[in-house]
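Residue strings, one per chain:
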Amino acid sequence: MPTVTVAGSHTADQAPGKLFEFQSQLPKLPVPSLEETLPKYLRSVEPLLSKEDFAKTKRTVEEFAQSAEGKELQRRLEARAAEPGRPNWLEEWWNDLSYMGYRDPVTPYVSYFYAYKDDRLRRKPTQRAAAIVRAAWEFRRQVAARELTPEMARTTPLCSHSYNYMFNATRIPRKPSDYEAVFDMAKNEHITVARSNQFFKLQLVHNGQLLTAAEIESQLDKIVEQADSNAAVPVGVLTSDNRDLWTDNYKILVDASPKNAETLEKLQSSAFLLCLDDARPVTREEYHRVYWHGNGRNRWFDKSLQFIVCDNGKAGFLAEHSSMDGTPTCRLNDFILDQTLNNKVDLGSSAARSDLPEPEPLRFVTPPSVVRAVEQAAERFDKTVDQHQLRVLQYEGFGKDEIKKLGFSPDGFAQMAIQLGYYKLNGKCRATYEAAATRKFAHGRTETCRSVSNESVEFCKTFEDPHASVESKAASLQAAVKAHGAYAKMCSEGKGVDRHLLGLRLTLKPGEEKPAIFRDPAYAETSHWYLSTSQLSSEHFEGWGFSEVVPDGYGVAYTIRKDSVIYHIAAMKNDFGLNSDHLAHYIKEAATEMRAAVLASKLKEAAAKPKL
């Protein structure tokens, strides 16, 4: 049976070992003062509002700052943060609002993926899959033994809490909020393999010894042969559905037969899922779509980790986002790819044991009630995926190395290319979310880095001004990147505005009137994320991605490599007239113009210096 825990339990953080050696020393997420947050909030909304609307918002905010209700909400929030045994005042609220209580499908709306570089040493898909499994298992061993060192931001340790939900974990549907189930790693040394919409249990330890890569490959070959010669109801697509519908169908599935509950537990308790897809994607858009959502049938979207290997050897990874943000899974996947692409992975003996048990088919009993639920879920999934557009831009004009040589923060430079590209497309700047990690605090996750500033708007206007000099363009870009970096730093210190304002709002008791600051149209408008962006980078990735967060917005994930920047640009096809191709075009144009302006400015500066 699983050890069931709602994300947020911190008892496992007390385990001895390197992984949690700094955990007890981590500070709590701070509650900023109203005097810190409210002026910062005003500065963040000013570039997004008309002068008249900003004047109204300014009066509203100033009144809130002086009001008894503002002081009372702040007092309540500070009291919550100070409660003994509560490691993080935001954690339960955030996990429920953004993840467990969120009812839209996890794919494509919540989960995120990484696209891997090709493995030229292993062209055969099951051979590559076996190497990935061996490398992932070594990382799992280090997590289980607590031998993995904590992540560090320079000399500051980061919270390791989310590693508790990495392996042998799954999200389980429930109304009104889902929950996370974590299974005993020592007692569940198997993975689940998906092929042709069917699932198989593959035991990875036999007679106390981990299967070698050759043995895993042989077992995977058997699974492919067996699955491809049979057909089954694609039960996995149920996990792609609206969470309330999936909750209803979960009960239908379990009630259909006692065997289904047993099958579910074998699947849910596995260390991770390995999806062997029959797809053969070639273009960036094709393989990004495979890892992002695939056909919806050869997946179990509730599993925390899913490794995906296609029939042409291309591979990627899909994460269920509820209990883990991107940095721990980025570390996991970077480790796997460093091990496999650089041939460091321990493959074990090339000889295969003859007494290995056969992979176990995980067959669900599927009476008409289950078949109907599957068919309806599949229809909804196909419709949802078809409503999305995607463009992947690999910009090769520069990468991290050159951006640094030009004197800029790589993230700030890449983010301003998005801002200018959006401005070129729409003639205005709009509210932009960029994820900033707060993992230097106990159970910290993210804060919203508001990427639009007075400086970034001025930068966009300057670059679109045909009369602006290259010096003024370069200076405006420098100011915008500097402002962005300063705000991002405050966010990482727990001093952004969005989580604090959310916390104040959530301390309201039933029946209490919402303060005017939260009824102000500016509050909703300036946190309606027309651009939802995030950066995770690895030299081993061919990009990563996620969806938009509002119907009239874009989801832009970007990877900054040494010599290129990859932008994954997703949006819906609807009446708002969004166009991912056009945004990609303008981001590319913006990036080229930014580089040219900085180089031209530097040349002028050098020419103006007196020669010795």
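Remember, predicted model here, so these are calculated numbers, not experimental data.

Thresholds, definitions, all that
- Residues numbered from 1 in each chain as written.
- Predicted model: local features only at pLDDT ≥ 70, side-chain atom pairs only at ≥ 80, totals over all residues.
- Heavy atoms only, no water.
- Phe/Tyr/Trp six-rings, centres within 6.5 Å; stacked < 30°, edge-to-face > 60°.
- Helix = DSSP H or I, 4+ residues; strand = E, 2+ residues; numbered from the N terminus.
- Buried < 20%, exposed > 50% of the residue type's maximum accessible area, 1.4 Å probe, protein only.
- Lys NZ or Arg CZ within 6 Å of the ring centre and 35° of its normal.
- Salt bridge = Lys/Arg side-chain N within 4 Å of Asp/Glu carboxyl O.
- Pairing = 2+ DSSP bridges.
- Axes fitted to C-alpha atoms, helices over the stretch in contact; angles between N-to-C directions.
- Contact = heavy atoms within 4.5 Å.
- Nonpolar A, V, L, I, M, F, W, Y, C, P; charged D, E, K, R; others polar.

Student: Outline the packing of aromatic side chains, supporting the account with residue identities and numerical values.
Tutor: Within this structure, the stated rule accounts for 28 aromatic pairs. Taking 5.4 Å as the distance between ring centres and 55° as the angle between the ring planes, the aromatic pair formed by Phe-139 and Phe-335 counts as tilted. Taken together, the residues span a long stretch of sequence, with Phe-139 in helix H6 (residues 125-144) and Phe-335 in helix H11 (residues 326-341) at a distance of 196 residues. Across the pair, exposure class does not vary: Phe-139 and Phe-335 are buried alike. Note that Arg-430 overlies the ring of Tyr-530, its terminal NZ or CZ placed 4.7 Å from the centroid. Above the plane of the ring of Trp-94 lies Arg-499, whose end atom (NZ or CZ) is 3.9 Å from the centre.

Student: Would you mind going over the pattern of salt bridges in detail, with residue names and values included?
Tutor: One pass over the full model with this rule turns up 46 salt bridges. Residue Glu-83 pairs with Arg-86 through a salt bridge whose shortest N-O separation is 2.9 Å. Judged by its relative accessible area of 14%, Arg-86 is buried. Taking the shortest distance from any N to any O, the salt bridge between Glu-542 and Arg-284 comes out at 3.0 Å.

Student: Please set out the sheet that holds strand E14 (residues 360-362) residue by residue, giving values where relevant.
Tutor: Note: strands within a sheet are paired through backbone hydrogen bonds, in either parallel or antiparallel orientation. Strand order in this open sheet of eight strands is E14-E8-E7-E11-E12-E13-E2-E19, and the pairing throughout is mixed. The open sheet terminates on both sides in strands that have one partner only, identified here as E14 and strand E19 (541-545). Each neighbouring strand pair of the sheet contributes to a mean axis angle of 25°, computed without reference to strand direction. With three bridges connecting them, strand E2 (residues 112-116) and E19 associate as antiparallel partners. Counted as the bridge partner of Phe-113 is Gly-545 from E19.

Student: Go over the packing of helix H2 (residues 51-66) against helix H3 (residues 68-81), please, and point to the residues and values.
Tutor: It is the contact of H2 with H3, at a shortest axis distance of 4 Å, that shows an interaxial angle of 65°. When H2 is examined against H3, the residues Phe-64, Ala-65 and Gln-66 are found in contact with a partner set consisting of Ala-68, Gly-70, Lys-71 and Leu-73. When the residues that make up the contact of H2 with H3 are grouped by side-chain class, the tally is four nonpolar, two polar and one charged.

Student: So what's going on with unusual backbone geometry? Residues and values would help.
Tutor: For the peptide bond that leads from Thr-107 to Pro-108, omega is 15°, which places it in the cis range. As for its placement among the helices and strands, Pro-108 is situated in helix H5 (residues 106-109). Between Lys-175 and Pro-176 the backbone carries a cis peptide bond, its omega angle lying at -5°. The residue Pro-176 is located in the loop between strand E5 (169-172) and strand E6 (179-182) in this model. Even without a glycine there, the phi angle at Asn-197 is positive, about 65°. Its place among the elements puts Asn-197 in the loop between strand E7 (190-195) and strand E8 (198-203).

Student: Which residues make up the sheet that holds strand E20 (residues 554-560), and what values go with them?
Tutor: Strand order across the open sheet formed by six strands is E15-E21-E20-E18-E16-E17, with mixed pairing between neighbours. Unpaired on one side and paired on the other, strand E15 (388-395) and strand E17 (446-450) mark the two borders of the sheet. Averaged over all adjacent pairs, the angle separating strand axes in this sheet is 25°, with direction ignored. Across three bridges, the pairing between strand E16 (residues 432-437) and strand E18 (residues 531-535) is parallel. Bridge pairing in E18 links Thr-432 to Leu-531. Packed onto the sheet, helix H14 (residues 410-426) meets E16, E18, E20 and strand E21 (565-572) and runs at close to 145° relative to E20.

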